[in-house]
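Notes for the structure review
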Amino acid sequence: MDIYSWLLLISFILFLYWKTASPKKLPPGPRPLPFLGNLLQFDFYNPLKDLQRIAQKYDPIFTLYMGGKPMVFVQGFSLVKEVLLINGTEFAGRPQYAIMKAINKQKGVVTAAYGQVWKQQRRFLLMALRNFGLGKKSMEEKIQDEAAYLLQIFEENMSVPFDPLGFLESAVANIISTIALGKHFKYDDNTLRQVLDLIHENTREITGPWAQLYNALPFVRRLPLPHQNVFKAKEKVLAFFSKEVEEHRATRVPGVHRDVIDAYMEEIQKPENKGSSFEEEYMLLLVTELFIVGLETAATTLIWGLLYLMAFPEIQEKCQVEINNVLGNNTCIKYEDREKLHYTNAVIHEIQRFANVVPLGIPHAPIKDMQLLGYTIPKDTAIMTNLISVHRDESQWKYPHEFNPSNFLNEKGEFEKPEAFLAFSAGPRVCLGENLARMEVFLFFTNILRRFQILWPDETKAPDLTPNFGITLTPSRFKVALKCHQQM
Ligand code: HEM
């Protein structure tokens, strides 16, 4: 036999092996290749177009293989609701990816398997966030201070059009940093900038093709391939947070909680927590995770917001008129003002609906074998909830395919949130930072809108609303021109 016949024979044997090893009654999908699965059938750095094509054919449920591992995609409000809410607990697991295990041993909240440890850590974090909100200086005041600082930075830079992304990221990072580390960084602080860049790069890489290969093929894991950069970056990020932990250890006063680290250290020392999941490594990974999930999501929402407000100047103007009419000369915008700012609140929600910052949610997994539309989804199979399909579901929205704040306004012009708004997902795994993120987004937006007119500076082309894919959907970098319309 020549080399080609050998290759053909080997491929055939591998295919038979893979066919018999794979579960039977999964939803249909495009034919996978042995071992590689469907990895070669879409552009991994920007898979949305390919996913849309496949989704149209197999709607509302289909399977793609990441190497030998199946990943089930569910679409449309009714099916996504079944996964997240109706059978929420049964689908509240997380798939166990080799790369995530290697990075964080699945400690933290986001990637933790469903169970006691996840519940314990999630409960602690929710309580910690709530406590800092009720502390001496409330969360709202901290965000207001940061918004004031952001406006000042914008003013200092507005003599020419500028790229706002770095400033918005620093503002959002400072909110998390104040809560988690008790620290505020200057926007030009290089230490924080480097950590943010590493986090950015890693979130992009862990959804990229090398990470998928790492998950699919054990023998590539030790090879000197690009996925090794993820581990180098992780070490640098952990070194930054370890230093913060050491500083806390040296300065902390028992019983006083300046931030999440202090509160966690106290938790570790409680006698009833001896031998529990509360330990130093968990703390380090949990705090790191807060920056990973809380930073890019909120900063990307704000950056999309600026872009849409420039692309739709008449909508921007209506927000500004409403803010002026409702708030008049009040010096400070409060979170509770959203109840009076119906139109502006609708615009903020429409930005989130249209931008789909976390387009496919975070993968879920059934905690036992489950049935969905007559298919069997085995325990631990990855399930992607396509939130874009929910936010464009024609049975749920007045204007599913256009940017239109009326999607969130009733006939009286009052704000109303349809059930199909799932930017923060829903059910037992719903975004843990939802309240914090809502407050941040509202206060940053309204403050910017009240102070500035936001103008698209490039007369030669219109704003580009095409998204780039990662764990989050982001716009391409752009510049804004600002004009003050009110001295405060
Ligand atoms: C606009 C900003 C944000 C958006 C759009 C967003 C969206 C999401 C989504 C879609 C999920 C997946 C839920 C699921 O698995 O079904 C999630 C999970 C999570 N988010 Fe957010 N998020 C935002 C901001 C934040 C912030 C500021 C924090 C914390 C400081 C945070 C912490 C988390 C955590 C810890 C989880 C995992 C929850 C779990 O697995 O139990 N998020 N978020």
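What counts, and where the lines are drawn
Residues numbered from 1 in each chain as written. Predicted model: local features only at pLDDT ≥ 70, side-chain atom pairs only at ≥ 80, totals over all residues. Heavy atoms only, no water. Helix = DSSP H or I, 4+ residues; strand = E, 2+ residues; numbered from the N terminus. Rg over C-alpha atoms; globule rule 2.2 N^0.38 Å. Buried < 20%, exposed > 50% of the residue type's maximum accessible area, 1.4 Å probe, protein only. Lys, Arg positive; Asp, Glu negative; His and termini not counted. Charge placed at Lys NZ, Arg CZ, Asp CG, Glu CD. Phe/Tyr/Trp six-rings, centres within 6.5 Å; stacked < 30°, edge-to-face > 60°. Lys NZ or Arg CZ within 6 Å of the ring centre and 35° of its normal. Near = heavy atom within 4 Å. Polar contact = N/O pair within 3.5 Å; in protein donor to acceptor, adjacent residues only side chain to side chain. Donors = N, O, S within 2.8 Å, 3.2 Å for Na, K, Ca; no water. Salt bridge = Lys/Arg side-chain N within 4 Å of Asp/Glu carboxyl O. Contact = heavy atoms within 4.5 Å. Axes fitted to C-alpha atoms, helices over the stretch in contact; angles between N-to-C directions. Parallel < 35°, antiparallel > 145°, perpendicular 65-115°, else oblique. Left-handed = near helix turned anticlockwise from the far one by under 90°. Nonpolar A, V, L, I, M, F, W, Y, C, P; charged D, E, K, R; others polar. Pairing = 2+ DSSP bridges. Patch = residues over 30% accessible without salt bridge, like charges linked within 9 Å, V, L, I, M, F, W, Y side chains within 5 Å. Areas by Shrake-Rupley, 256 points an atom, 1.4 Å probe, with all protein chains shown as cover.

Some remarks on the overall build of the protein chain
- Scanning the protein chain for helices and strands turns up 16 helices and nine strands.
- Whereas a compact globule of 488 residues would reach a radius of gyration of roughly 23 Å, the protein chain reaches 24 Å, a difference of no more than 12%.
- Expressed along its principal axes, the backbone C-alpha trace of the protein chain runs to roughly 85 × 55 × 40 Å.
- Residue burial in the protein chain is summarised as follows: out of 488 residues, 54% are buried.
- Averaged over its 54 positive side-chain charges, the protein chain has a centre that lies 6 Å from the centre of its 54 negative ones.

Looking at the packing of aromatic side chains
- For the structure shown, the criterion picks out 26 aromatic pairs.
- Judged by centre distance (5.9 Å) and plane angle (75°), the ring pair of F124 and F278 falls under edge-to-face. Of the two residues, F124 is situated in helix α5 (residues 116–134) and F278 in the loop between α11 (260–269) and α12 (280–311); the sequence distance between them amounts to 154 residues.
- Taking the relative accessible area as the measure of exposure, F124 reaches 5% and is therefore buried.
- In this structure an aromatic cluster arises from ring pairing among Y149, F154, F162, F167, Y187 and F452.
- Directly above the ring of Y335 sits R338, whose terminal nitrogen or CZ lies 3.8 Å from the centroid.

So, the site of the ligand
- Around the ligand sit 25 residues in total, of which R94, R122, H364, S425 and C431 are the nearest.
- R429 places a polar side-chain atom, nitrogen or oxygen, 2.9 Å from an oxygen atom of the ligand.
- Of all the elements in the fold, those that place two or more residues in the shell around the ligand are α5, α12 and α16 (434–451).
- For the shell around the ligand, the leading source of residues is α12, giving six residues.

Regarding the coordination of the iron atom of the ligand
- Protein coordination of the iron atom of the ligand is limited to a single donor, C431 (SG), which sits 2.3 Å from the metal.
- Take C431: it is sitting in the loop between α15 (387–391) and α16.

A few points about the side chain of D393
- Along the chain, D393 turns up in the loop between α15 and α16.
- Here D393 occupies a buried position and makes no salt bridge, while the nearest side chain of opposite charge, R353, is found at 9.8 Å.
- Excluding residues that lie within four positions of it along the chain, D393 makes contacts with G76, F77 and P400.

Examining the packing of helix α13 (residues 313–327) against helix α14 (residues 342–355)
- Close contact between α13 and α14 brings their axes to 8 Å; oriented N to C, the two are set at 140°. In terms of axis orientation, α13 runs oblique to α14. Crossing hand, α13 versus α14: left-handed. For the pair α13 and α14, the contacting residues are I315, K318, C319, E322 and I323 in the first and H342, Y343, T344 and V347 in the second.
- Here the residues of the contact of α13 with α14 sort into five nonpolar, two polar and two charged.

Here's the deal with the packing of helix α8 (residues 190–205) against α12
- The contact between α8 and α12 brings their axes to 10 Å, and the two run at 85°. In terms of their interaxial angle, α8 and α12 are classed as roughly perpendicular. Judged by residue contacts, L196, I199, H200 and T203 of α8 engage F291, I292, L295 and E296 from α12.
- Of the residues belonging to the contact of α8 with α12, the class tally is five nonpolar, two polar and one charged.

Quick look at the sheet that holds strand β5 (residues 382–385)
- An order of β1-β2-β5 is seen for the three strands of this open sheet, with the pairing classed as mixed. Looking at which strands have only one partner, the edges of the open sheet turn out to be β1 (61–66) and β5. When the angles between neighbouring strand axes are averaged without regard to direction, this sheet yields 30°.
- With six bridges connecting them, β1 and strand β2 (residues 69–74) associate as antiparallel partners. Within β2, the residue paired with F62 across the bridge is F73.
- Lying over the sheet, helix α2 (residues 48–58) contacts β1 and β2, oriented at roughly 135° with respect to β1.

Observations concerning the pattern of salt bridges
- Taken as a whole, this structure holds 23 salt bridges when the rule is applied.
- Taking the shortest distance from any N to any O, the salt bridge between E235 and K234 comes out at 3.5 Å.
- The shortest N-O distance in the salt bridge between R252 and E266 comes to 3.0 Å. Linking R252 in the loop between α10 (228–251) and α11 with E266 in helix α11, this pair joins segments that are 14 residues apart in sequence.

Things to note about the environment of S389
- With respect to the element layout, S389 can be found in helix α15.
- Once the C-alpha coordinates of S389 and A55 are considered, the two residues, 334 residues apart in sequence, prove to be 9.4 Å apart.
- Those residues in contact with S389, other than ones at most four positions away along the chain, are Q75 and G76.

Notes on a nonpolar patch on the surface
- Residues I292, V293 and I362 make up a contiguous nonpolar surface patch of about 190 Å² in total accessible area.
- With respect to the secondary-structure elements, I292 resides in helix α12.
- According to the relative accessible area criterion, I292 is partly exposed, its value standing at 35%.

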